[in-house]
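Chain by chain, the residues:
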Amino acid sequence: MRPFRLLQFLLICLLSFSIFTGCTRKAGKPNVVLLVIDTLRADYLPMYGGKETVAPFLEKLSSGGALFSNSFSASSWTAPSTASILTSLFPIQHGILMGRRATKKLATKDPKILLNKLPQSVTTIAEVMKANGFATYGAVDNGNLRADSGFAQGFDKFVTYLSQGGKNLNKQIQDWAPEIKKSGRYFLYMQYMDPHHPYEEHKPWFKGDNLHGLRRFEEAYRSEISFTDSMIKELYELMGWGSNTIVLITSDHGEEFGDHGSGGHGRTLYGELVRVPLIIYYPDGGFSGKVVSEYVSSVDIVPTLASLAGINLTTPHEGINLVPVIKGEKSLTGREIYNHLWKRQKAGTVLELKGLAKDKKRLIESNKKGKKLFFDIENDRHERKNIANKNTELVTEYSQRIAKFETGLKTYDREWMPVPLDEEEGDD
Ligand SMILES: [Zn+2]
């Protein structure tokens, strides 16, 4: 090519690149954003059958990507479940079985009781991203997720707030925004805490002035979801997530409002606690508006985000890459979805619950008196009718499957630390 032609060619390339990319990012190298909304049960979102007005922005995002209608968390409270989101390992593998506040409560009476740390030997999604050239940022609003117990592994910057609310968390990202945008390619993980108890009655969304008790709590909870929805919209606009960005939205666990005679979370493994939203917004991904009904787990998040980001994931993970499932190239029929809850109780006893969903049925078994609950989750999604007595063979089969599944899981060396008894605490 003659020098003039070459110059012309280069100018055209440069101009085209600028027009199509806005001169700020490399084409086809998306940023990755992982948004965890603490305590958000799936069925309170409009896309999962909840009230239409609760989360208009999340609804819009889900139409620009894929929505998983049968997504399960690995546990029913923050620390174990979030560690599973971040590592693609189950709680009995990474060793985070109890949260910081719950452990501290026990340690005030018995200082020998220590807190499980996320071991150095596991690989977090932030470490994967960092090793692949991403700048990595984490901002969470839950005191269970602190740097000294291992949750900051792989982050260039990581900050933990103690339930200070979505506005404060957004302010942190606004402060970081110039640096994040300059970083080239970034991975951002955030954990909003607003839907977690205590439920604030957020105006203008709160519609429960005439309600009392649990129903008023429920309306306040809905208003917390709406508020969080508005916070995500604010950041989406600020950060320009409408292009060249993968935004994954999920939760660590749900919340009970009297569904099975109780409230809160971290005591059972019923569906209202382990069915969590999973939405992957990525208009450039070619799967806008997809709804996937296959059974998936929070442990699938790391391999799926890695795949979408073009990363060849070589570190240990239990989850699977969901991209071929979204595209309809792979079926997950017969897949087993496992959840786990382990809780040291005041009297020194331990409550351990295990769940297994497979082929439209779900077993929850307890170490207390061998109690077993079995549900037809196709026709009884809210798990109201225990059919264990009428399905004894299947119950035995599912129980054996749980035992076999656990046997196949590699565990990592445990790491422990004393919980500082004088520290300010957040929520479970
Ligand atoms: Zn939580």
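Up top is the structure these notes are about.
Reading the values: rules and limits
Residues numbered from 1 in each chain as written. Predicted model: local features only at pLDDT ≥ 70, side-chain atom pairs only at ≥ 80, totals over all residues. Helix = DSSP H or I, 4+ residues; strand = E, 2+ residues; numbered from the N terminus. Buried ≥ 20, exposed ≤ 12 C-beta atoms within 10 Å, placed from the backbone. Contact = placed C-beta atoms within 7 Å. Arc of directions from axis to C-beta. Pairing = 2+ DSSP bridges. Axes fitted to C-alpha atoms, helices over the stretch in contact; angles between N-to-C directions.

The number of helices and strands found in the chain is 12 helices and 16 strands. Considered along the principal axes of its C-alpha atoms, the chain spans approximately 85 × 50 × 50 Å. Buried residues in the chain amount to 46% of all 428 residues. The long-range share in the chain, meaning contacts at least 24 apart out of those at least 6 apart in sequence, stands at 66%.

Buried within helix α2 (residues 56-63) we find Leu58, Leu61 and Ser62. Each buried residue of α2 sits inside an arc of 100° when the element is viewed along its axis, so together they form one side. At its buried positions, α2 is contacted by β2 (65-72), α8 (213-239), β7 (245-250) and β10 (278-281).

A word on the sheet that holds strand β15 (residues 372-376). Sheet architecture is open: four strands sit in the order β12-β13-β14-β15, paired in antiparallel fashion. Two strands bound the open sheet, and with one partner strand each, they are β12 (337-344) and β15. Neighbour to neighbour, the strand axes of the sheet diverge by 10° on average, direction disregarded. Bridge count between strand β13 (residues 350-358) and strand β14 (residues 361-366): six bridges; the pairing is antiparallel.

This brings us to the pairing of β13. Here β12 pairs with β13 via eight bridges, running antiparallel. The residue of β13 that forms the bridge with arginine 344 is valine 350. Counting the residues that bridge the hairpin from β13 to β14 gives two residues, and of these aspartate 359 lies at a positive phi of roughly 45°.

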